[in-house]
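Structural characterization, general
Here is how the chains run, residue by residue.
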Amino acid sequence: MLTDINPFVYSHPLPPEEIIDRDDETRALLGNAVGGHYVRLYAPRKYGKTSLLQRVLRDAEREEGMIPVLVDLYRVVSVADVTVRLERAYARHLKGAVRSRVDQFLQRTGIGLSLGVTGISARIQLDPKVDPLPALHALLDLPLRLEQSGGFRALIAFDEFQDVVKVRDLDGLIRSHIQYHGEVASYVFAGSEPGLMEQLFEDRDRPLYGSAVPMRLGRLAPHDVGAYVAERFEQTGRDVGEALGPLLQAAAGHPQRAMLLAHRLWAVVPHGETATLEHWHRAYEDALAELEAEFDAEWRHLDTSEQKTLRSVIEGDGSPYRGDVLHRLGLTKDMVRKALPRLAASALTERNGDRHEIVDPLFAAWIRRGADPPD
């Protein structure tokens, strides 16, 4: 049996007890939920957004007696998709007597809903012509039924909520229900694409305009990452040694990239030894090699002006309008002004005071190494 297991997980969300810091964010989300507020949570991909949601839902259930429901809307493209995701989310999270009462109610509707294996997803698979809209209306109204089943308040988190824009009028349909849930449910709308999230909540013509408290998930503090990494090295019979400093610098507070680098470093340090700079350089190269295909695909997805603008951000040390850099890259200020909002909307760049930064520090390092845009 394997006993010397790498403690750094980066390929999927962490369990609540393994999250680095995020205590303030957890308290803020939980406070809003208990107060009946709706929250719009934004974080770039791989910032630990889903892990944070799972922690908040756990604490809401344990500490406040709320019913937690996490609905993953990643890549939904139809009303049927959304209906199945919502039905399965309730099936995962409802327990005991509440689950039994809700399931009985759903089955009495006569529209094919169930928290078992014979729900709407099964009906759609057997007959794709089934209209899922009545079922979706019933599921969106479930918080009212939960309250009737025993005075429970629900905390419902929609993850990757920006994908609702792919389903025509879905945000309006959702609003038509949740506007009556203030006394029985709280909602977190979490998304990873700032442009689409702004479109949903900051466009006056959209149904959800101004309906949620904005909250942004930021980078991790270096000392929190450092303490986490050092402790787990020690627990597994190793010392992170002089490699900790460059690891923290390379990760730049990016949660997933910090775990990837720590994972790679741990893998090259034998049990009972201390990490050296030689270990670090090997681990860093291993990490970049693992990400090569991902970064190449991301780069090719960008147009030439976006590629050059990313380089101008890097070579201008956060200032993409430096004349010498623009001249060398064949860029104009107008091209940069048009490209920057597109890059920010897709969470490739962000503002930090007067500086522009590439969100993923390892993508920035990959570009810096010579991913030149095509002529």
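I will try to describe carefully the structure that is included in this document. Note that the coordinates shown come from a computational prediction; the quantities given were computed from them, not determined experimentally.

What follows deals with the overall build of the protein chain. On a plain count of helices and strands, the protein chain comes out with 17 helices and seven strands. Computed over its C-alpha atoms, the radius of gyration of the protein chain comes to 23 Å, within 12% of the 21 Å expected for a compact globule of 375 residues. On the principal axes, the C-alpha backbone points of the protein chain span a range of 65 × 55 × 40 Å. Residue burial in the protein chain is summarised as follows: out of 375 residues, 50% are buried. Excluding contacts between residues fewer than 6 apart, the proportion of contacts in the protein chain whose partners are at least 24 apart in sequence is 74%. Total accessible area on the protein chain stands at roughly 17,900 Å², and carbon and sulfur atoms take up 50% of it. Between the mean site of the 46 positive side-chain charges and the mean site of the 56 negative ones, the protein chain shows a separation of 4 Å.

For the rest of this paragraph, the subject is the environment of E18. Tracing the backbone shows E18 in the segment before α1 (23–34). A relative accessible area of 26% places E18 in the partly exposed class. Spatially, the C-alpha atoms of E18 and R55 are 9.6 Å apart, while their sequence positions differ by 37 residues. Among all residues touching E18, those that are not within four sequence positions of it are Y228 and R232.

Of note, K49 is situated in helix α2 (residues 49–64). Under the relative-accessibility criterion, K49 is labelled buried at 5%. Separated by 2.8 Å, the side chains of K49 and D159 make a polar contact.

Moving on, we come to α2. Between the first and last C-alpha of α2 there are 21 Å, a value that for 16 residues agrees with the 22 Å anticipated at 1.5 Å per step. Along α2, the residues classified as buried are K49, T50, S51, L52, L53, R55, V56, L57, D59 and A60. Of the surrounding elements, those touching the buried residues of α2 are α1, β1 (39–42), β2 (67–72), β3 (154–159) and β4 (185–191). Backbone geometry just downstream of α2 places G65 in the positive-phi region, at approximately 70°.

So, on to the packing of helix α6 (residues 133–140) against helix α8 (residues 170–178). The description of two helices packed together rests on the angle between their axes and the distance between the axes. For the pair α6 and α8, interaxial distance at closest approach is 9 Å and the crossing angle is 45°. If you check the angle between α6 and α8, you find them oblique. The handedness of the crossing between α6 and α8 comes out as right-handed. Contacts between α6 and α8 involve L133, L136, H137 and L140 on the former and, on the latter, L170, L173, I174 and H177.

Let's shift gears to the environment of P207. Topologically, P207 is positioned in the loop between α9 (194–202) and β5 (213–216). Counting along the chain gives 31 residues from P207 to S176, while the straight-line C-alpha distance between them is 8.7 Å. Setting aside its immediate chain neighbours within four residues, P207 contacts D171, G172 and R175.

Glancing now at the packing of aromatic side chains. If you walk through the whole model with that rule in mind, you get 16 aromatic pairs. Here the aromatic rings of F8 and F233 are separated by 5.7 Å at their centres, their planes lie at 45°, and the arrangement is tilted. Placement of the pair is F8 in the segment before α1 and F233 in helix α10 (residues 222–235), with a sequence separation of 225 residues. Overall, F8 belongs to the buried group, its relative accessible area being 1%. Given a relative accessible area of 0%, F233 falls into the buried group. Between F158 and F161, the aromatic rings sit 5.8 Å apart at their centres with planes inclined by 45°, giving tilted as the arrangement. Owing to a relative accessible area of 0%, F161 belongs among the buried residues under this scheme. Here R238 stacks its cationic end above the ring of W266, 3.8 Å away from the centre of that ring.

Each value, and the rule that gives it
- Residues numbered from 1 in each chain as written.
- Predicted model: local features only at pLDDT ≥ 70, side-chain atom pairs only at ≥ 80, totals over all residues.
- Heavy atoms only, no water.
- Helix = DSSP H or I, 4+ residues; strand = E, 2+ residues; numbered from the N terminus.
- Rg over C-alpha atoms; globule rule 2.2 N^0.38 Å.
- Buried < 20%, exposed > 50% of the residue type's maximum accessible area, 1.4 Å probe, protein only.
- Contact = heavy atoms within 4.5 Å.
- Areas by Shrake-Rupley, 256 points an atom, 1.4 Å probe, with all protein chains shown as cover.
- Lys, Arg positive; Asp, Glu negative; His and termini not counted.
- Charge placed at Lys NZ, Arg CZ, Asp CG, Glu CD.
- Polar contact = N/O pair within 3.5 Å; in protein donor to acceptor, adjacent residues only side chain to side chain.
- Expected span 1.5 Å × (residues − 1).
- Axes fitted to C-alpha atoms, helices over the stretch in contact; angles between N-to-C directions.
- Parallel < 35°, antiparallel > 145°, perpendicular 65-115°, else oblique.
- Left-handed = near helix turned anticlockwise from the far one by under 90°.
- Phe/Tyr/Trp six-rings, centres within 6.5 Å; stacked < 30°, edge-to-face > 60°.
- Lys NZ or Arg CZ within 6 Å of the ring centre and 35° of its normal.

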